[in-house]
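Each chain, letter by letter, is given below.
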Amino acid sequence: MYSKLESLRGVAACLVLLFHSHFIVGTKSLDFVKNSYLFVDFFFILSGFVLTLAYADKIRQGLAFREYISLRLGRIYPLHVFMLLVWVPYILGKQYFISAGYGGVDQFEHNNVYSFVSNLFLVHSMGVHDYLSWNHPSWSISVEFFTYIAFFILLTTFDRSGSKLFPLLVIIPGYAFLFSVNPAGQMDGTYDYGFIRCMSAFYCGVFLYRWKDDIAQGLARFNIHVLEIMAVALTVAAVCLAHRGDGYLVMTLASFCLLLMVFASPIHGFVGRLLDTSPLRSIGLWSYSIYLTHDIILSFFSNLYEVVFKAAPKNLGVWAVLINMALILLTVLISRFTYLYVEKYFRDKVKGLVSRKADEVPARAPVVEEAVLPPSK
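Heads up: these notes are all about the structure in this document. Every value quoted in this text rests on a predicted model; they were computed, and no experiment measured them. Within each chain, residues carry numbers counting from 1 in the order of the written sequence. Two thresholds apply to this predicted model, a pLDDT of at least 70 for residue-level local features and 80 or more for giving and counting side-chain atom pairs, whereas whole-chain, interface and lining totals are computed over all residues. Hydrogens and waters are ignored; side-chain quantities use all the structure's heavy atoms.

Note on conventions: DSSP H or I runs of at least 4 residues are helices, E runs of at least 2 residues are strands, and numbering of each starts at the N terminus. Scanning the protein for helices and strands turns up 15 helices and zero strands. Atoms counted for the radius of gyration: C-alpha only. Globule rule: 2.2 Å times residue count to the power 0.38. What you see for the protein is a C-alpha radius of gyration of 21 Å, in line with the 21 Å of a compact globule of 377 residues. Overall, the C-alpha framework of the protein stretches about 65 × 50 × 45 Å when taken along its three principal axes. Expressed as a percentage of the 377 residues in the protein, the buried residues total 51%. With the model as given, the accessible surface of the protein reaches about 16900 Å², and the carbon-plus-sulfur share is 68%. Partly exposed describes any residue whose relative accessible area lies between the buried limit of under 20% and the exposed limit of over 50%, with all areas from a 1.4 Å probe on protein chains only and scaled to the type maximum. Accessibility throughout is a Shrake-Rupley quantity obtained with a 1.4 Å probe, and a residue counts as covered only by protein chains that appear here.

Written as structure tokens, this is what we have:
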């Protein structure tokens, strides 16, 4: 039913890749690309929506925490660890070339044994460091994991009734805090305020799910083709303007919410039919892999360019466009294999194991699973 949302997730993952790319047309990135780090907030919102759909009722009906968190770990952890291990020889290699006189900064300052252990236990973005380390995008995996835990705790305590207004008790103070500590026009909390950022956006998704029927009735009054085009246009415009102030940031978050609700509709407009095509659905399916593999690919080719051409990869004109298209394609191809042989393989193993254990206790709620959302920098 929500295949278009999966495709949007894939598109957003590619936009985060462009945000991290060092290959720039001019001296700086376009505003849309420069602000595309915000699509991690779209991932968090979508995650809240999908997990509420998949787990909320099951948790209230008795799904055990051990089964729930095993499924979540089975979904996010194997690829996280795999990529962490891939980064180890890469960092060692970079440090060797730096010590050999090729230039660069000390790789062990942030990528050390301490940060490796914190990454291994998924606590590396919970305030234990004042920097990003190893596979930088995994900061969002860390905070999303702890958001999963908070979601379970709240559903079994203060949010047992599933009130439509309860999410506001998380959203309002969360964003009030973020706007108070971040410079105007920035929502860039990672290793410091990433958990609050994730919780706030995640509960926007919870809020949208609980109001989805009412929202759908309101949106049904409009032409679906017009709605889809407006939702995409508003998102592009809001992201372009996001750096201009907190009001534009709020507009960006609102545009993400609108985008989600419009494309959650079972009715397809022109854009919806495009998102429902096999290539875009495949990219959506591999989006978590795209998200976790892209940084090392970008780093390698950026370093290679600097060594070969003795210059930073800026002011490249049309070549930057072609190089970035090639890097997206390469990342997608690699992600297909990491999805099949790491992500999906271990997810299915864990799911099967948990399902067998659940079958031994018939009174428990059935085990469910859904796609994880790739959480920016």
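Read on, since the account is not over.
Any carboxyl oxygen of Asp or Glu that lies within 4 Å of a side-chain nitrogen of Lys or Arg is treated as forming a salt bridge with it. For the structure shown, the criterion picks out ten salt bridges. A salt bridge links Asp41 to Arg197; its shortest N-O distance comes to 2.8 Å. On the criterion of sequence distance, the pair formed by Asp41 in helix α3 (residues 39-60) and Arg197 in helix α8 (residues 194-210) is long-range, its members being 156 residues apart. Taking relative accessible area as the criterion, Asp41 reaches 0% and is therefore assigned buried. Take Arg197: its relative accessible area is 0%, and that puts it in the buried class.

Time to look at the packing of aromatic side chains. Note on aromatic pairs: the rings of Phe, Tyr and Trp (six-membered ring only in Trp) are paired at centre separations within 6.5 Å, and the planes decide the class, stacked below 30 degrees, edge-to-face beyond 60, tilted for the rest. Under the defined criterion, the tally for this structure stands at 28 aromatic pairs. Summarising the aromatic geometry, the rings of Phe19 and Tyr37 are spaced 5.7 Å apart at their centres and angled 45° between planes, so their arrangement reads as tilted. With Phe19 in helix α1 (residues 3-20) and Tyr37 in the loop between α2 (31-34) and α3, the pair connects residues that are 18 residues apart, well separated along the chain. You can call Phe19 buried: its relative accessible area is 18%. Seen from their ring centres, Tyr96 and Phe97 are 5.5 Å apart, and the 75° between their planes marks the pair as edge-to-face. For Tyr96, a relative accessible area of 55% gives the class exposed. Ring pairs connect the aromatic residues Phe32, Phe39, Phe42 and Phe256, which therefore count as one cluster.

Time to look at α1. Here the expected span of a helix is defined as 1.5 Å times the quantity of residues minus one. Taking 1.5 Å of rise per residue, the 18 residues of α1 would be expected to cover 26 Å, and the 26 Å separating its terminal C-alpha atoms lies within 8% of that figure. Summarising burial for α1: 16 of the 18 residues are buried, a large majority.

Take the buried residues of types Ala, Val, Leu, Ile, Met, Phe, Trp, Tyr and Cys, join any two whose side-chain atoms come within 4.5 Å, and each joined set is a nonpolar core. In this structure, Phe49, Tyr68, Phe151 and Tyr203 are the most contacted members of the largest nonpolar core, which totals 103 residues. If we skip the residues at most four places from it in the chain, Phe49 touches Tyr2, Leu5, Gly205, Val206, Leu208, Tyr209, Lys212, Leu260, Met261 and Ala264. Whether two residues touch is decided by their heavy atoms; if any such pair falls within 4.5 Å, the residues are in contact.

Bringing the environment of Ile153 into the picture now. By secondary structure assignment, the location of Ile153 is in helix α6 (residues 139-155). As a C-alpha pair, Ile153 and Tyr102 span 51 residues in sequence and 50 Å in three-dimensional space.

Now for the packing of α1 against α3. Two quantities define a packed helix pair, namely the angle between the axes and the distance from one axis to the other. Taken N-terminus to C-terminus, the directions of α1 and α3 make an angle of 155°; their axes are 9 Å apart at the nearest point. Classed by the angle they form, the pair α1 and α3 counts as roughly antiparallel. In the crossing of α1 with α3, the sense of the turn from one axis to the other is left-handed. Residues Leu5, Leu8, Arg9, Ala12, Ala13, Leu15 and Val16 of α1 form the contact with α3, whose own contacting residues are Phe39, Phe42, Phe43, Leu46 and Phe49. Whenever a helix is involved, its axis is fitted only over the stretch in contact; in every case the axis is a line through C-alpha atoms, and angles between N-to-C directions fall within 0 to 180 degrees. Working definition: roughly parallel below 35 degrees, roughly antiparallel above 145 degrees, roughly perpendicular at 65 to 115 degrees, and oblique for all remaining angles. Handedness of each helix crossing follows the sense of rotation of the near helix against the far helix: counterclockwise by less than a right angle gives left-handed, clockwise gives right-handed.

Simply put, the disulfide is a covalent bond whose two ends are the sulfur atoms of two cysteines. Two cysteine sulfur atoms form a disulfide, by the criterion used here, when they sit within 2.5 Å. Tallied over the entire structure, the rule returns zero disulfides. Free cysteine: Cys204, not disulfide-bonded; nearest cysteine sulfur from Cys257 at 4.9 Å.

Before going further, it helps to spend a moment on a nonpolar patch on the surface. Like charges within 9 Å and nonpolar side chains (Val, Leu, Ile, Met, Phe, Trp, Tyr) within 5 Å are joined into patches, using only residues over 30% in relative accessible area that form no salt bridge. A cluster of nonpolar side chains, Tyr96, Phe97, Tyr102, Phe300, Leu304, Val307, Val308 and Phe309, forms an exposed patch at the surface whose accessible area comes to about 850 Å². Mapped onto the nonpolar patch, the elements with two or more residues apiece are α4 (65-102) and α14 (287-309). The element contributing the most residues to the nonpolar patch is α14, with five residues. Along the polypeptide, Phe309 turns up in helix α14. For Phe309, a relative accessible area of 53% puts it in the exposed group.

The next subject is α4. Throughout, the bend at a residue refers to the angle made by two axes, fitted to the seven residues ending there and to the seven starting there. Bending of α4 peaks at approximately 35° at the position of Gly74, with proline Pro78 no more than four residues after it. Gly103 sits one or two positions beyond α4 and adopts a positive phi of about 85°.

Examined against the element boundaries, Thr147 turns out to sit in helix α6. A sequence separation of 49 residues divides Thr147 from Ile196, and the C-alpha atoms of the two residues are 9.0 Å apart. The contacts of Thr147, once residues within four sequence positions are left out, are Phe195, Cys198, Met199 and Phe202.

Before going further, it helps to spend a moment on the packing of helix α7 (residues 168-181) against α8. Direction vectors running N to C along α7 and α8 enclose 145°, while the axes themselves pass 8 Å from each other. Read as a crossing pair, α7 and α8 show a hand that is left-handed. Of the residues in α8, those in contact with Leu168, Val170, Ile171, Gly174, Tyr175, Phe177 and Leu178 of α7 are Ile196, Arg197, Met199, Ser200, Ala201, Tyr203, Cys204 and Phe207. Note on residue classes: Ala, Val, Leu, Ile, Met, Phe, Trp, Tyr, Cys and Pro are nonpolar, Asp, Glu, Lys and Arg are charged, and everything else, Gly too, is polar. Along the lines of polarity and charge, the residues of the contact of α7 with α8 split into twelve nonpolar, two polar and one charged.

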